[in-house]
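Chain by chain, the residues:
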Amino acid sequence: MISTGMNRVDEMLGGGIPKGSRVLYSMEPGVNGQLFMISSLCRAIENDLSCLVILPHTTFETFSNDVRSMTAGLINLSSDNIVFIDSIDRERIQKSSPHPDSAQQEWKARIAKVCCERKIDVIFVYFDLLFEDFGIENGLNILELGDCVLKPTLILELLNLEGEPLLSRFIHDFSFDVVISIKSSFLTVPHFDYFTLVHTSWSPQPVRSVPFVTAKGRIVPYIPRIVVTGPAKSGKSTFVKNASIEGISVDRMGSDGDLTTGVMDLGLLHWKGFDITVYGTPGQPRFDTMIPGMFKHTMGVILIIDATKPRSLPRAKEMIGMLAERGVPTVIAANKTDLPGKMAEKEIRAALGVREDIPLFFISATSKDDVRHVLESLVDSITQIPY
Amino acid sequence: MYSYKTGIDQIDQLSGGFEAGTNILILAPPMSYADQLAYALTKPVTGEYAITLSTNERAAEVVDFFKVAGSDKRFIGVIDAITKSSTPSIVDTPRLRFVSSPTDLTGIGIKFSNMIEAIFEGDFSDGESGLFPPPIRFCVNSVSTLLMYRKLEVLYQFLHVITAKLKKIEGVGIYILNSESFDDKTLSLIKQLMNCVIEIKIEQDGSYLRIMGIRGINPVWQKFSVNKGQVTILP
């Protein structure tokens, strides 16, 4: 397997890209997705794979500077293991072979020669101009090699101006093995990018989308806000605390002498390659005016209920009402199941009026494993939304 | 809805200016000062922001124009598509961003989004803030140069995305296209993306403009001049 250089993507692909595969990184205009290709290139270099990089749109020098600034100078492209064909080569080919057919032959001959002589493992192609100069079929034909070498892995980056139909052609007409579409929400605030694993040839996978940010030269899958809500004393603060690697809780003493959340709980979590921020709402009705604001821009909700207190369910149902219109992925965690007297699932669903397809887990929020299990289910739901 | 003043009294009084989401094509022959007119329409008033995609001039020259026209440079951004080819190591700043060449539509799209994002997040103007939501004027100088590097169909699709994004953020777009260097099909296709077309012609006694697509404005030829970012309709 060849690593994409992005752990979460490798995980989604079942460990990486099988050698000899054809991979497409499709980018919609404006999306900050250049690091996908760069990450794969950098990992290939780190793993001593021999690489051919085809950049018809720019010079090696400019590309090299761009990569250095994107990766904070961590990668040196002046390795013996990498060969570049850049915009200067493109100009030479255009001059020596003005006719498209002969230019196509010259491109093909050059690439085949490099691959044979250097035993290239991976070809990275910025495909836009080859596509424009020769069309999709002939452009891809340039990258088909003869019998002289083992089939290299082919990784393409393409500015996709045609949307889904173009992806479909890569999958069905040209048998690409992996298609990842990188898009932008282009909401004004907040702005976020996400990638969708559209296709893998070796195993049927659900279409999954994952929001991401770029930080320190890396693609970081990112879920900006998960809200944990539920009636007072259902265990939300404990849940947030056990979900987080760092966090704060703004508590104060309640009238019954117990601590209760007065503003919110906040937790930060790095998990399964994701950066996630978890907000816990107060459960007391007097704070209800705050809750719609906290649900704004939320990507997922965990409703915590006390599984031993049937009388708290009407309040939980009220809180479901506050988030129902938003249509964000929601899971329910029936907490305190380590105590006697827990309700049955059927009873809870009936009281809350929630459908069977909303996941419901019986947990103890004091158990980190239970908490992580709930988060895993929610993250799965979030990443399956096509946006 | 926000209105973008043109700075031309006769037009602003009749129409109130450009409605948010308007995309304007300036169709002009060579040497007709179309870029001066485009920059004058792009010049931000207080509280607004301006971004220029420059395929013909270096970023510093573009910023100079706006400074001379009296704009605060902290509200001016430039995507420079020419400097990097001669200075590959040049580094982006929040307001000046560089792409390798006008060929690089991927890079242009990314820098455009980055700047819009920076404006919305308040990271654009050295701590100064304009209006919110931010009114943004975007100028492409020029579509003609982009067409020399990329095919019409590709550029059409690319501009389709950009114009749609400008509508979404309620900005205005101003695009310069040489009216004499391209065939009717090209002109007609690019016009399809626009809500407003400003045609320029040169006569012996000076330059004339005609505005089509703004409510309240008659599409008649009017003599004009541009000086230090100020457009004047002449009698």
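Residues numbered from 1 in each chain as written. Chains lettered and ligands numbered in written order. Predicted model: local features only at pLDDT ≥ 70, side-chain atom pairs only at ≥ 80, totals over all residues.

**Student:** Can you walk me through the overall build of chain B in this structure?
**Tutor:** In terms of helices and strands, chain B carries 8 helices and 12 strands. For 235 residues, the compact-globule estimate of 2.2 N^0.38 gives 18 Å, and the C-alpha radius of gyration of chain B, at 17 Å, lies within 12% of that figure. When its C-alpha atoms are laid out on the principal axes, chain B stretches across 45 × 40 × 30 Å. Counting the 235 residues in chain B, one finds 48% classified as buried. (Helix = DSSP H or I, 4+ residues; strand = E, 2+ residues; numbered from the N terminus. Rg over C-alpha atoms; globule rule 2.2 N^0.38 Å. Buried ≥ 20, exposed ≤ 12 C-beta atoms within 10 Å, placed from the backbone.)

**Student:** Would you mind showing me how to read the overall build of chain A here?
**Tutor:** A tally of regular secondary structure across chain A gives 12 helices and 15 strands. Counting over 387 residues, chain A shows a buried share of 44%. When contacts within chain A are restricted to residue pairs at least 6 apart in sequence, those whose partners lie at least 24 apart make up 70%. (Contact = placed C-beta atoms within 7 Å.)

**Student:** It is not clear to me how the packing of helix α5 (residues 100-118) of chain A against helix α6 (residues 128-142) of chain A should be interpreted in this structure. Could you clarify?
**Tutor:** Geometry of a packed helix pair, given as the angle between the helix axes and the separation of the axes. Residues and elements named next belong to chain A. For the pair α5 and α6, interaxial distance at closest approach is 10 Å and the crossing angle is 30°. Looking at the two axes, α5 sits roughly parallel to α6. Between α5 and α6 lies a crossing of right-handed hand. Between α5 and α6, the contacting residues are Pro100, Gln104, Trp107, Lys108 and Ile111 on the first element and Asp133, Phe134, Asn138 and Ile142 on the second. (Axes fitted to C-alpha atoms, helices over the stretch in contact; angles between N-to-C directions. Parallel < 35°, antiparallel > 145°, perpendicular 65-115°, else oblique. Left-handed = near helix turned anticlockwise from the far one by under 90°.)

**Student:** Hey, could you run me through the confidence of the model for chain A in this one?
**Tutor:** For residues with low pLDDT, the predicted coordinates do not support detailed interpretation. Within chain A, residue pLDDT values average 86, and 89% of them lie at 70 or more. Across chain A, element-level confidence peaks in strand β4 (residues 122-126) of chain A with a mean pLDDT of 98 and bottoms out in strand β10 (residues 246-253) of chain A with 57. (pLDDT = per-residue confidence, 0-100.)

**Student:** What's the story with the confidence of the model for chain B in this structure? I'm lost.
**Tutor:** Chain-level pLDDT for chain B is 93 on average; 100% of the residues reach the 70-or-more range. In the predicted complex, the global pTM is 0.81; the interface-specific ipTM is 0.90.

**Student:** So what exactly am I meant to see when it comes to the interface of chain A and chain B here?
**Tutor:** Often, the extent of an interface is quoted as the loss of accessible area on bringing the components together. Taken residue by residue, the interface counts 23 residues in chain A and 27 residues in chain B. Only α3 (60-70) and α6 of chain A provide two or more residues apiece to the side of chain A that touches chain B. In terms of residue count, the dominant contributor to the side of chain A that touches chain B is α3(A) (4 residues).

**Student:** Looking at this model, I keep getting lost on the sheet that holds strand β11 (residues 222-227) of chain B. Mind explaining?
**Tutor:** The strands making up a sheet associate through hydrogen bonds between their backbones, and the pairing can be parallel or antiparallel. Residues and elements named next belong to chain B. As summarised here, the arrangement of the 10 strands in space is β6-β5-β4-β7-β8-β3-β9-β10-β11-β12, forming an open sheet in which the pairing is mixed. Sheet topology places β6 (96-98) and β12 (230-233) at the edges, where each strand pairs with a single neighbour. Mean inter-strand twist for the sheet, computed between neighbouring axes without regard to direction, equals 25°. Where strand β9 (residues 196-203) meets strand β10 (residues 206-212), 7 bridges bridge the pair, whose relative direction is antiparallel. Each bridged residue has a counterpart across the sheet, and for Glu203 the counterpart in β10 is Gly206. Where helix α5 (residues 105-121) meets the sheet, it contacts β4 (49-54), β5 (76-80), β6 and β7 (136-141), and its direction lies at approximately 165° from that of β5. (Pairing = 2+ DSSP bridges.)

**Student:** Please clarify how unusual backbone geometry should be interpreted in this entry.
**Tutor:** Only a minority of non-glycine residues have a phi that is not negative, and only a minority of peptide bonds are not trans. B:Asn141 connects to B:Ser142 through a cis peptide bond whose omega is 15°. Considering the arrangement of structural elements, one finds B:Ser142 in the loop between β7 and α6 (143-149). Phi at A:Ser175 takes a positive value of approximately 50°, unusual for a residue other than glycine. Its location among the elements puts A:Ser175 in the loop between α7 (164-173) and β6 (178-184). In this structure A:Ser175 comes out as exposed when scored by C-beta crowding, with 9 C-beta atoms within 10 Å. Positive phi values are uncommon outside glycine, yet B:Lys228 reaches one of about 45°. Within the fold, B:Lys228 resides in the loop between β11 and β12.

**Student:** Even after reading the chapter, I still don't get helix α2 (residues 34-46) of chain A, so can you show me in this structure?
**Tutor:** The periodicity of an α-helix, 3.6 residues per turn, causes residues three or four places apart in sequence to face the same way. All names here are of chain A. Helix length check: α2 (13 residues) gives 18 Å between terminal C-alpha atoms against 18 Å at 1.5 Å per residue, within 8%. A large share of α2 lies buried, amounting to 10 of its 13 residues. Among all positions of α2, only Gln34, Leu35, Phe36, Met37, Ile38, Ser39, Ser40, Leu41, Cys42 and Ala44 are buried. (Expected span 1.5 Å × (residues − 1).)

**Student:** Would you mind showing me how to read helix α4 (residues 87-96) of chain A here?
**Tutor:** Residue and element names in this part refer to chain A. Those residues of α4 lying buried are Ser87, Arg90 and Ile93. Looking straight down α4, one finds that the buried residues subtend no more than 115° of arc, so they occupy a single side. For α4, the exposed residues lying more than 90 degrees away from the buried face are Glu91, Arg92, Lys95 and Ser96. Buried positions along α4 lie against α5 and α6. (Arc of directions from axis to C-beta.)

**Student:** Teacher, can you tell me more about the pairing of β4(B) here?
**Tutor:** A regular strand places its side chains so that they alternate between the two faces of the sheet. All names here are of chain B. Within β4, 6 of the 6 residues are buried, leaving the element largely enclosed by the surrounding structure. Going residue by residue along β4, you find Tyr49, Ile51 and Leu53 tucked away on one face and Ala50, Thr52 and Ser54 tucked away on the opposite face as well. In the sheet, β4 pairs with β7 via 6 bridges, with the strands oriented parallel. If you follow Thr52 over to β7, its bridge partner there is Cys139. Of the strand pairs in this sheet, β4 and β5 are connected by 5 bridges, and their pairing is parallel. The partner of Ala50 across the bridge, within β5, is Ile76. What joins β4 to β5 is helix α3 (residues 59-68), and the crossover it makes is right-handed. (Right-handed = clockwise from strand over helix to strand, strands pointing away.)

**Student:** Would you explain the nonpolar core in this entry?
**Tutor:** In summary, soluble globular proteins display a tendency toward joint burial of nonpolar side chains. Counting 170 residues, the largest nonpolar core has A:Phe124, A:Ile302 and B:Ile26 as the members making the most contacts within it. Mapped onto the domain boundaries, this core takes at least three residues apiece from domain 1 (7-216) and domain 2 (223-383) of chain A. Discounting chain neighbours no more than four positions away, the residues touching A:Ile302 are A:Ile226, A:Val228, A:Val331, A:Ala333, A:Val374 and A:Leu378. (Core = buried A, V, L, I, M, F, W, Y, C linked by C-beta atoms within 7 Å. Domains from an automatic or database assignment.)

**Student:** What exactly am I supposed to notice about the environment of A:Glu376 here?
**Tutor:** Residues and elements named next belong to chain A. Tracing the chain through its elements places Glu376 in helix α12 (residues 368-383). C-beta crowding within 10 Å serves as the criterion here: with 13 such atoms nearby, Glu376 is assigned to the partly exposed category. Taking the C-alpha atoms as reference points, Glu376 and His57, separated by 319 residues in sequence, lie 41 Å from one another.

**Student:** Sorry, what's going on with the packing of α4(A) against α5(A) here?
**Tutor:** Residue and element names in this part refer to chain A. At a minimum axis distance of 9 Å, the contact between α4 and α5 shows a crossing angle of 135°. In terms of orientation, α4 lies oblique with respect to α5. The interaxial crossing formed by α4 with α5 has right-handed handedness. Residues Ile93, Gln94 and Ser96 of α4 lie in contact with α5, whose contacting residues are Ala103, Glu106 and Trp107. Residue classes in the contact of α4 with α5 are distributed as 3 nonpolar, 2 polar and 1 charged. (Nonpolar A, V, L, I, M, F, W, Y, C, P; charged D, E, K, R; others polar.)

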